[in-house]
Amino acid sequence: MEEPDRIQSTSLIAAESETAPAVVREEEVVVDDDDRRPPQPFPYHTTGTGLDDAFPPHFQAGNYEETASFTEDTWSCLVVVITFWFFVSLTLILGVYGTSNLELGPNASVLIKPNSLFVKHMMVEEIDIVKDGPLLYGLHKIPPLDVAAAWSEAYRTSLLANTHKDWTFYFNAGSQISISYNVKSLSSSSLVLVIAQGTQGLARWLEDPYYPNAAYSWSLIHGNGSIWLDIPKSSSYHVAVGNLNSEMVEAHLKINIRAMLYNTNEAYYKCRTTQAQCGLKLNFPGENVALLQSPSKRPDTANSVWTVKISYGPRWITYLLGIGGTSCLVLLVHRFLVNLQQSREDSSRSELGDTRSERFPMLSHKHDDSSSLGSSYCSQDDEKFEDATTSINTSDGKTVKESDAPHLCAICFDAPRDCFFIPCGHCLSCFECGTRIAEAAGTCPVCRRRMKKVKKIYTV
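Thresholds, definitions, all that
- Positions within a chain are numbered from 1, following the residues in the order the chain's sequence is written.
- Restriction of local features to residues with pLDDT of at least 70 applies here, the model being predicted, together with a cutoff of 80 or more for giving and counting side-chain atom pairs; totals for whole chains, interfaces and linings are based on all residues.
- Based on all heavy atoms of the structure, the side-chain values leave hydrogens and waters out of the count.
- Going along the chain from the N terminus, every DSSP run of H or I of four or more residues is numbered as a helix, and every run of E of two or more is numbered as a strand.
- Contacts are assigned to residue pairs with any non-hydrogen atoms lying within 4.5 Å of each other.
- Remark: nonpolar core denotes a set of buried residues (Ala, Val, Leu, Ile, Met, Phe, Trp, Tyr, Cys) joined through side-chain atoms within 4.5 Å.
- Each residue is assigned to one of three classes by its accessible area relative to the maximum for its type, calculated with a 1.4 Å probe on protein chains only: buried under 20%, partly exposed between the two thresholds, exposed over 50%.
- Just to be clear on terms, a salt bridge is a Lys or Arg side-chain nitrogen sitting within 4 Å of an Asp or Glu carboxyl oxygen.
- Put simply, a disulfide is two cysteine sulfurs that come within 2.5 Å.
- UniProt positions are given in the numbering used here, feature names are shortened, and annotations may be inferred rather than shown by experiment.
- Here, strands pair whenever DSSP counts at least two bridges between them.
- All axes here are fitted lines through C-alpha atoms, helices being fitted over the stretch that makes contact, and every angle between N-to-C directions spans 0 to 180 degrees.
- Side-chain rings of Phe, Tyr and Trp, where Trp is taken by its six-membered ring, are said to pair if the distance between their centres is within 6.5 Å; with planes under 30 degrees apart they count as stacked, over 60 as edge-to-face, and otherwise as tilted.
- A positively charged side chain is recorded as over a ring if its NZ (Lys) or CZ (Arg) lies within 6 Å of the ring centre. The angle to the ring normal must also be within 35 degrees.
- Arc definition: directions from the helix axis to the C-beta atoms.
- As a per-residue measure, pLDDT reflects the predictor's confidence and takes values from 0 up to 100.
- Patches were defined on residues exceeding 30% relative accessible area and lacking a salt bridge, with like-charge contacts within 9 Å and nonpolar side-chain contacts (Val, Leu, Ile, Met, Phe, Trp, Tyr) within 5 Å.
- Where accessible areas are quoted, they stem from the Shrake-Rupley method and a 1.4 Å probe; at the residue level, only the protein chains shown are allowed to cover.

A. Examining the overall build of the chain more closely. Within the chain, the regular secondary structure consists of seven helices and 20 strands. Excluding contacts between residues fewer than 6 apart, the proportion of contacts in the chain whose partners are at least 24 apart in sequence is 75%.

Laid out in structure tokens, this is it:
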């Protein structure tokens, strides 16, 4: 600036200060830097025009989307594993080893084999307390089934029309039963004699008493006679006789039984259920066997059977370790699969060429609009090249300016680019074409990276 101009400028400032009101001003001391050294670049800034190269390499190589996706998948796996073990635990505690009632006839010898891995102790309690109740034995191994017990029971019953009567037994495999009968009626009516296995077998016969296959043994009896049967499987059995006639029928039955019982000489625990609630602690590890054995004479109860309640105490440490171990195993498998998939993607990208575009931010800093021409990333600059006069024909026969080509879908060349792919961020198609690419190929056409989502861009 020349000297007259400097004087004129000073006078103008003085004139303005005279007319301005009195205010308190703060003076700022400006120090003129006479250092003539040129500015030095940042330590990490070597090449490029944007700010991307100014960050340390570990920031460039970071992939936040993949880390977030892996964390989300990990939590999903944990939720699935915990839910799975929760239902497994409920099935074992309330189902397999839940509280149950057992009906015992005379000379019943019931073997119970709880798994000590899931059961810590078992409790046996008699519901209808009588004088002589069943005995609970504890053994370290399965005892031999070598004790034979023989007895007979005689019954005389009068059955009204469409009625039945049954008796409950528990037989082990190898037992034998023979029934002698004498049926008396005014018109030589017949009765149905049934041996049903379990309570469900008896219920099936009661639903359809005329169907022979509904029970283990089904016989139509009249007059005098007998039947004989071998027991192939250890279970509870019901001997029942039914009158399906329209008149009353009288029947005389004599049941001869030869039952096989377990040997209890090696039992280390013995408790009678009528004295108190019997509890048997199971040792882990090792085999644990419980044995319930009833007296030879039927009790004086309403249905002439002993009813005992069996309950189990869970070993909670097993369920906790199961949840933790399964969770760790699922996480290891999930981590292995993720690493395997990532290695395959890296090898696929290395075959296609440079993967630099995936590592850099989605929007790079550009000095002019021409640098974004042909870029596959979305740009916020709507300025057109007004000097361009060349036109391009689309697949539909439409003519568009070449200046608009970078903003049109690279697939259909008709609609604007209004979507981008996740996680790579490339933007080269309209939302409709991008959705079709995701459903058909599943990989980005630019970088061949697996697409997880297609996000639509809304212009305001």
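B. Looking closely at the nonpolar core. Membership of the largest hydrophobic core comes to 28 residues, with the highest contact counts inside it found for Phe169, Ile177, Ile179, Leu191, Val239, Ile255 and Ile257. Contributions of two or more residues to this core are made by strand S5 (147–159), strand S6 (163–171), strand S7 (176–184), strand S8 (191–197), strand S10 (224–230), strand S11 (235–243) and strand S12 (249–261). Non-local contacts of leucine 191, meaning those with residues more than four positions away in its chain, are made with Leu159, Val183, Ser219, Leu220, Ile221, Val241, Gly242, Asn243, Asn245, Val249 and Ala251. Trp85, Ile93, Phe118 and Met122 belong to the second largest nonpolar core, which has 27 residues in total.

C. How the structure looks around the pattern of salt bridges. Taken as a whole and judged by the stated rule, the model has six salt bridges. Linking arginine 156 and glutamate 250 is a salt bridge whose minimum nitrogen-to-oxygen distance equals 2.7 Å. Of the two residues, arginine 156 is situated in strand S5 and glutamate 250 in strand S12; the sequence distance between them amounts to 94 residues. The partner of glutamate 432 in a salt bridge is arginine 436, with the nearest N and O atoms 3.4 Å apart. Placement of both glutamate 432 and arginine 436 in helix H7 (residues 431–440) is noted, with a separation of four residues, approximately one turn of the helix. Taking the relative accessible area as the measure of exposure, glutamate 432 reaches 57% and is therefore exposed.

D. Representation of the state of the cysteines in the model. Considering all chains together, one arrives at one disulfide under this definition. A sulfur-sulfur separation of 2.1 Å characterises the disulfide bridge that pairs cysteine 271 with cysteine 278. Disulfide cysteine 271-cysteine 278: the torsion about the S-S bond is -75°, which places it as left-handed. Between cysteine 409, a cysteine without a disulfide, and cysteine 412, which holds the nearest cysteine sulfur, the sulfur-to-sulfur distance is 3.7 Å. You can see cysteine 419 has no disulfide; the closest cysteine sulfur is in cysteine 427, sitting 6.1 Å from it.

E. Main features of the UniProt feature "transmembrane region" (unreviewed entry) in the chain. As annotated by UniProt and renumbered to match this structure, "transmembrane region" (unreviewed entry) occupies residues 75–97 and 316–338. Between the end C-alpha atoms of residues 75–97 there is a gap of 31 Å, over a span that is 96% helix and 0% strand.

F. Up close: the sheet that holds S5. With antiparallel pairing, the four strands of this open sheet are ordered in space as S5-S12-S7-S10. If you trace the sheet from one side to the other, it starts and ends with S5 and S10, each paired once. Along the sheet, successive strands turn relative to each other by an average axial angle of 15°, direction set aside. Both S7 and S10 contribute to a ladder of seven bridges, which runs antiparallel.

G. The arrangement of the environment of tyrosine 97 in detail. By the secondary structure assignment, tyrosine 97 is in the loop between helix H3 (64–96) and strand S1 (100–104). For the pair formed by tyrosine 97 and proline 314, sequence separation is 217 residues and the distance between their alpha carbons is 8.2 Å. Aside from chain neighbours lying at most four places away, what touches tyrosine 97 is Leu92, Pro114, Asn115, Phe118, Val119 and Tyr312.

H. Examining the sheet that holds strand S14 (residues 278–281) more closely. With antiparallel pairing, the four strands of this open sheet are ordered in space as S1-S16-S3-S14. Each having just a single partner strand, S1 and S14 make up the two edges of the open sheet. Sheet twist, expressed as the average angle between the axes of neighbouring strands with direction ignored, equals 25°. As paired strands, strand S3 (residues 119–126) and S14 are joined by four bridges and run antiparallel to one another. Residue pairing for S14: histidine 121 is matched across the bridge by lysine 281.

I. Highlighting the packing of aromatic side chains. With the rule as written, the count across this model stands at eight aromatic pairs. Lying across the ring of phenylalanine 169, arginine 298 places its NZ or CZ 4.7 Å from the centre.

J. Highlighting helix H4 (residues 198–207). Three or more residues of H4 are buried, namely Gly198, Gly201, Leu202 and Trp205. Angularly, the buried residues of H4 cover 100° about the axis, an arc narrow enough to put them on a single face. Of the exposed residues in H4, those oriented more than 90 degrees away from the buried face are Thr199, Gln200 and Glu207. The inward-facing, buried residues of H4 contact S6, S8, strand S9 (217–221) and S11.

K. Broad picture of the side chain of threonine 168. For threonine 168, the location among the structural elements is in strand S6. When near neighbours in sequence (up to four residues on either side) are disregarded, threonine 168 contacts Glu103, Gly105, Pro106, Tyr237, His238, Arg298 and Val305.

L. How the structure looks around the confidence of the model for the chain. Mean pLDDT for the chain: 76, with 71% of residues reaching 70 or above. Of the regions scoring below 50 in pLDDT, residues 44–64 engages in 24 contacts with residues more than four places distant in sequence or in other chains. Here residues 355–375 is a poorly scored stretch, pLDDT under 50, and it has 35 contacts once near neighbours within four places are set aside; other chains count.

M. Focus on a nonpolar patch on the surface. A surface patch of nonpolar side chains, about 460 Å² in accessible area, is lined by Leu329, Val333, Phe336, Leu337 and Leu340. With respect to the helices and strands, the residue leucine 340 is situated in helix H5 (residues 316–352).

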